[in-house]
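Here's the letter readout for the chains.
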Amino acid sequence: KVDLSGMDLSGINFTGADFTGANLNNTILYETNFTKAILKEVDFSYANINNAILIGSNMTKVNLSYLNLKGLDLHGVNFTYANLKLLSILLANLP
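All of these numbers come straight from a predicted model, not from anything done at the bench.

Conventions and cut-offs
- Residues numbered from 1 in each chain as written.
- Predicted model: local features only at pLDDT ≥ 70, side-chain atom pairs only at ≥ 80, totals over all residues.
- Heavy atoms only, no water.
- Helix = DSSP H or I, 4+ residues; strand = E, 2+ residues; numbered from the N terminus.
- Buried < 20%, exposed > 50% of the residue type's maximum accessible area, 1.4 Å probe, protein only.
- Contact = heavy atoms within 4.5 Å.
- Polar contact = N/O pair within 3.5 Å; in protein donor to acceptor, adjacent residues only side chain to side chain.
- Phe/Tyr/Trp six-rings, centres within 6.5 Å; stacked < 30°, edge-to-face > 60°.

Q: When you look at the environment of Thr60 in this model, what are you seeing that I'm missing?
A: For Thr60, the position within the fold is in the loop between strand 1 (48–50) and strand 2 (68–70). Owing to a relative accessible area of 17%, Thr60 belongs among the buried residues under this scheme. In the structure, Thr60 is positioned 18 residues away from Val42 in sequence and 8.6 Å away in space, judged by C-alpha atoms. Leaving out residues up to four positions away in the same chain, Thr60 has contacts with Leu39, Lys40, Glu41, Asn78 and Thr80. Only 2.5 Å separates the side chain of Thr60 from the side chain of Asn58, close enough to count as a polar contact.

Q: What is the right way to look at the side chain of Thr35 in this model?
A: Tracing the sequence through the fold places Thr35 in the segment before strand 1. Judged by its relative accessible area of 18%, Thr35 is buried. Residue contacts for Thr35: discarding those within four places in its chain leaves Thr15, Gly16, Ile53 and Ile55.

Q: Explanation requested: the environment of Ala17 in the structure shown.
A: Turning to its location among the elements, Ala17 is positioned in the segment before strand 1. A C-alpha to C-alpha distance of 10.0 Å links Ala17 and Asn33, two positions 16 residues apart in sequence.

Q: Can you help me understand the packing of aromatic side chains in this one?
A: The geometry of an aromatic ring pair is captured by two quantities: the separation of the ring centres and the angle between the planes. Counted by the stated rule, this structure contains four aromatic pairs. For the ring pair Phe14 and Phe34, a centre distance of 5.5 Å and an interplane angle of 20 degrees mean the geometry is stacked. With a gap of 20 residues between them, Phe14 in the segment before strand 1 and Phe34 in the segment before strand 1 connect regions that are remote in the sequence. Pair check on accessibility: Phe14 and Phe34 agree, each one buried.

Quick look at the structure:
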């Protein structure tokens, strides 16, 4: 499992990448591209995912606790069994 907690991963293209079980706690993901990425069981708690692209990504069982989402495109995203505790979604483009 990958531990990228606390890192600034802004602007990186992770299209189709497999992050299953990764720790992205407290990361900065401004304009990061996760199109069709596998994000199963990822810990995104306390992360800032502003203007990121998540089109068609699989976010099954992710931890989105205390996550700040602004200006996202969430078309086709699978949030099955996701932990959405105190999730803040502002200006998200929902399907």
